[in-house]
There are 2 protein chains.
Amino acid sequence: MASNESPTPQGAQDAPKRRLTIAVDAMGGDHAPAEVVKGAVEAARRLGVQVLLVGDGEPVQRELERLDTAGLAVQLVPSEGKVGDDEHPAVALRQKPRASVLVATHLVKEGKADALVTMGSTGAAMASSTILLGTLEGMDRPALGGPFLGLAPNTVVLDLGSSVDCRPGQLLGFAILGCVFARRVLGVENPRVALLSVGAEETKGNRQVRESLPLFRESGLNFVGNVEGHDLFTRKADVIICDGFVGNIVMKFSEGMGVALVNLLQGRLKDRLSPQEMEALMSQLWEVTHGTRRGGPLFGINGVVIVGHGASQAQDVAGAIEMAQRVV
Amino acid sequence: MASNESPTPQGAQDAPKRRLTIAVDAMGGDHAPAEVVKGAVEAARRLGVQVLLVGDGEPVQRELERLDTAGLAVQLVPSEGKVGDDEHPAVALRQKPRASVLVATHLVKEGKADALVTMGSTGAAMASSTILLGTLEGMDRPALGGPFLGLAPNTVVLDLGSSVDCRPGQLLGFAILGCVFARRVLGVENPRVALLSVGAEETKGNRQVRESLPLFRESGLNFVGNVEGHDLFTRKADVIICDGFVGNIVMKFSEGMGVALVNLLQGRLKDRLSPQEMEALMSQLWEVTHGTRRGGPLFGINGVVIVGHGASQAQDVAGAIEMAQRVV
């Protein structure tokens, strides 16, 4: 989001708008490079953005050749290797200085791209962007978050998995970032901030929440107190704060529930809806329960980095690129 | 569950089965006594159990008179006052020695009832049953849990909110209780136990999970490792363990999501389903996402205590009584 701070040279009102450029980690994710390349091409067509596909030359080129890219601003930037989910991010980045996520982050650092989108290891994206782009003052490390559910598209939740054990000060840092996002991206003027807990009463909550309460109350933020699990849908707060352990579990629970409900409803409605109607309804249900498939920003980084779900399909990749476009 | 251990005097094979007796806290819950009395009468009719309705004489009697109780084993046991959600449980119980939850727990202690069902303050139910019935060896305090989702009726999750900050030893205690429940009530022979975390890998998870892993591995339980949020639906484990902070948030999140989805689907399907079909589908959706409305047992108590949701309607109360019947 830092790129919002300084006007670009092309920012003069009468100059044509520079085309937005997104660096996409073509090697990241369970279905890379095929689905990533497909999603990137779809995004270039639909959103009119320029996409720099960063990945091993040969396989990415092969995927590109299968698709119709005529007239689209899609370009391959070669890199070597990738960082897997099972590797220690910092170690892997040292051993693979030309890994796709690093090369892509460099493009952002050098101003050749406005944002990075990756479906690869969250740890690698965090390490790479912390090292190359740096974190905002007061942030030890970035946080993951955003409007994580299609059912509640204007409620920002973080952290969703980057920091599993958090001190009160870290939670407050998340709240400040969430407010910036709510204001700048969602247009909420004075975002209401809440701590996710087990009851609205002040005495309820675990030690972490109880210790965070005074800090939040004195923060100058528009703090509205504790909210409960169902309040992720009730719009009692615009920014809901939890540690990455709770956030990640709730996010994945939502996805699992979406799948279970799609199965249940397919059985119940198969005699009532046409195949097309069923398809449309099921994909809407999938969408509203899998918000973060579309990618969430890394908060607290000097630059725009969107980390998508490892299992992303082409449409999810395109969605993450769209999220990057909105955030930039 | 302890009542399973010792055969009752009426247990001889040829003797007629003694009618199960459930003590119901008629004053507990947001819609008490009206909905509680209604649910209790419904349960007496449908399940053939005897119900002792414990509550303030006059209002409970008034509700009873509105209903047809001819031929049903429903009896009023007078008490004085109730413990509210906003009161400190232990203090309130000292100040109100004739409160409904205490009188009802006494009925279980004295063998006049086989189980206690309450929709009132969870803290009061825990305090009352800990004081009067006692906890099992090795348990500091009871835990809340059960098969908490209709979408995954054979997966036991605990703790759902009784202990928000847990040491590894407490989590292991929950696991042992969950296994007893899975074996005795759900008939699972060798229940698979998992810790709820943010990734299946051993290195993932917060400090609590990482510190609990070795203890679980050496416990002799059928421990299958860490599972993630979506695994509450995937049957990778029969017993899933988390602390009450995480469990309560996930449980309430599920309820909130159920409500949001019901709203979404009502709009989408109103031209496709008849009012009756819509009603049936929506109540099924409500049911599968609000598992714990039906009540979850307090684990680790020397006796059967079912704590239902404060917002329970009559059918939820009847469901909690049915749960008590199954557990006994």
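From a predicted model like this one, the values you see are computed outputs, not experimental measurements.

Student: Tell me about the overall build of chain A, and please be specific about residues and values.
Tutor: Within chain A, the regular secondary structure consists of 10 helices and 11 strands. Taking 328 residues into account, the globule formula puts the C-alpha radius of gyration at 20 Å, and chain A, at 20 Å, falls close to it. Oriented by its inertia axes, the alpha-carbon framework of chain A measures out at about 60 × 55 × 45 Å. Looking at the 328 residues of chain A, the share that counts as buried comes to 57%. Nonlocal contacts in chain A, meaning residues at least 24 apart in sequence, comprise 70% of its contacts between residues at least 6 apart. Of the roughly 13,500 Å² that chain A leaves accessible, carbon and sulfur atoms contribute 49%. With 32 positive and 37 negative side-chain charges, chain A shows a spacing of 1 Å between the two charge centroids.

Student: Report on the relation of the copies chain A and chain B, specifying residues and quantitative values.
Tutor: The two copies are related by a screw motion: chain A maps onto chain B through a turn of 180° and a shift of 0.0 Å along the axis, at an RMSD of 0.0 Å. Such a combination of turn and shift is consistent with a two-fold rotation axis. Mapped onto chain B, 100% of the interface residues of chain A again fall at the interface, so both copies present the same surface.

Student: So, unusual backbone geometry: which residues are in play, and what are the values?
Tutor: Residue and element names in this part refer to chain A. Cis geometry is adopted by the peptide bond preceding P33, which originates at A32 and carries an omega value of -5°. As for its placement among the helices and strands, P33 is situated in the loop between β1 (21–25) and α1 (34–47). Going from L158 to D159, the amide bond is cis rather than trans, its omega being 10°. Inspection of the secondary structure assignment puts D159 in the loop between β6 (156–158) and α6 (168–184). Non-glycine residue R235 carries a positive phi angle of around 60°.

Student: Summarise the interface of chain A and chain B; cite the residues concerned and give the values.
Tutor: Each partner contributes to the interface: chain A provides 45 residues, whereas chain B provides 45 residues. Across the chain A/chain B interface, buried area totals approximately 4,200 Å², and carbon plus sulfur atoms make up 74% of it. Among the residues chain A hides against chain B, the three largest losses belong to F245(A), F253(A) and M257(A). Together they make up 16% of the total. Inspection of the chain A/chain B interface yields 4 salt bridges. E228(A) serves as the salt-bridge partner of K252(B), at 2.5 Å between the closest nitrogen and oxygen. Joining chain A to chain B, the criterion identifies 12 residue pairs in polar contact (both at pLDDT 80 or more). Looking at the side of chain A that touches chain B element by element, the count peaks at 18 residues for helix α8 (residues 244–269) of chain A. Per-class residue counts for the side of chain A that touches chain B are 25 nonpolar, 12 polar and 8 charged.

Student: Lay out the pattern of salt bridges in plain terms, naming residues and giving numbers.
Tutor: One pass over the full model with this rule turns up 29 salt bridges over all chains. A salt bridge links K96(A) to E87(A), with the shortest nitrogen-to-oxygen separation between them at 3.0 Å. A salt bridge links R62(B) to E58(B); its shortest N-O distance comes to 2.8 Å. Linking R62(B) with E58(B), this pair stays in helix α2 (residues 57–65), spanning 4 residues, or about one helical turn. Residue classification places R62(B) among the partly exposed residues on the basis of a relative accessible area of 37%. By relative accessible area, which is 52% here, E58(B) ends up exposed. The network of salt bridges with common partners includes E42(A), R46(A) and E322(A).

Student: Give me the lowdown on the packing of aromatic side chains, citing residues and values where you can.
Tutor: Applying the stated criterion across every chain, the model contains 7 aromatic pairs over all chains. A ring pair is formed by F233(A) and F253(B), whose centres lie 5.1 Å apart and whose planes are at 40°; its orientation type is tilted. Of the two residues, F233(A) sits in the loop between β8 (222–227) and β9 (239–241) while F253(B) sits in helix α8 (residues 244–269), which places them in two different chains. Comparing F233(A) with F253(B) shows no difference in burial state: the two are buried. Plain terms: the ring middles of F181(B) and F299(B) are 5.4 Å apart, the flat faces sit at 65° to each other, and that makes the pair edge-to-face. Residue F181(B) is found in helix α6 (residues 168–184), and its partner F299(B) is found in strand β10 (residues 296–299); the two are separated by 118 residues along the sequence. A relative accessible area of 0% places F299(B) in the buried class.

Student: How would you explain the packing of α8(A) against helix α9 (residues 275–289) of chain A if you had to name every residue and give the values?
Tutor: Residue and element names in this part refer to chain A. At a closest axis distance of 8 Å, the pairing of α8 and α9 adopts a crossing angle of 160°. When the axis of α8 is compared with that of α9, the two are roughly antiparallel. Along this stretch, α8 crosses α9, giving a crossing that reads as right-handed. Residues S254, E255, G258, V259, V262, L265, Q266 and L269 of α8 touch α9, and the partners they reach there are M278, L281, M282, L285, W286 and T289. Counted by class, the contact of α8 with α9 contains 9 nonpolar, 4 polar and 1 charged residues.

Student: Summarise α6(B); cite the residues concerned and give the values.
Tutor: Residues and elements named next belong to chain B. A rise of 1.5 Å per residue sets the reference length of α6, with its 17 residues, at 24 Å; its end C-alpha atoms lie 25 Å apart and thus fit the reference within 8%. With 12 of 17 residues buried, α6 is to be regarded as a mostly interior element. When α6 is considered as a whole, its buried residues turn out to be P168, Q170, L171, L172, G173, F174, A175, L177, G178, C179, F181 and A182.

Student: Now, about the pairing of strand β7 (residues 192–196) of chain B: what can you tell me, with residues and values included?
Tutor: Residues and elements named next belong to chain B. For β7, a buried count of 4 out of 5 residues is recorded, marking the element as mostly surrounded by other parts of the structure. Direction of pairing for β7 relative to strand β8 (residues 222–227): parallel, over a ladder of 4 bridges. By the bridge assignment for β8, L196 is matched with V227. In this fold, β7 hands off to helix α7 (residues 207–217), which returns the chain to β8; that crossover is right-handed. With 3 bridges joining them, β7 and strand β9 (residues 239–241) adopt parallel strand pairing.

Student: Got a sec to walk through the pairing of strand β5 (residues 143–146) of chain B? Specific residues and values, please.
Tutor: All names here are of chain B. Burial along β5 is two-sided: A143 and G145 facing one way and L144 and G146 facing the other are all buried. Bridge count between β5 and β10: 2 bridges; the pairing is antiparallel. Across the sheet, L144 pairs through a bridge with L298, a residue of β10. Note: β5 against strand β6 (residues 156–158), 2 bridges, orientation antiparallel. Paired with G146 across the strands is V157, a residue of β6.

Reading the values: the criteria
Residues numbered from 1 in each chain as written. Chains lettered and ligands numbered in written order. Predicted model: local features only at pLDDT ≥ 70, side-chain atom pairs only at ≥ 80, totals over all residues. Heavy atoms only, no water. Helix = DSSP H or I, 4+ residues; strand = E, 2+ residues; numbered from the N terminus. Rg over C-alpha atoms; globule rule 2.2 N^0.38 Å. Buried < 20%, exposed > 50% of the residue type's maximum accessible area, 1.4 Å probe, protein only. Contact = heavy atoms within 4.5 Å. Areas by Shrake-Rupley, 256 points an atom, 1.4 Å probe, with all protein chains shown as cover. Lys, Arg positive; Asp, Glu negative; His and termini not counted. Charge placed at Lys NZ, Arg CZ, Asp CG, Glu CD. Least-squares fit on C-alpha atoms with pLDDT ≥ 70 in both. Buried area = accessible area lost by both parts, 1.4 Å probe. Salt bridge = Lys/Arg side-chain N within 4 Å of Asp/Glu carboxyl O. Polar contact = N/O pair within 3.5 Å; in protein donor to acceptor, adjacent residues only side chain to side chain. Nonpolar A, V, L, I, M, F, W, Y, C, P; charged D, E, K, R; others polar. Phe/Tyr/Trp six-rings, centres within 6.5 Å; stacked < 30°, edge-to-face > 60°. Axes fitted to C-alpha atoms, helices over the stretch in contact; angles between N-to-C directions. Parallel < 35°, antiparallel > 145°, perpendicular 65-115°, else oblique. Left-handed = near helix turned anticlockwise from the far one by under 90°. Expected span 1.5 Å × (residues − 1). Pairing = 2+ DSSP bridges. Right-handed = clockwise from strand over helix to strand, strands pointing away.

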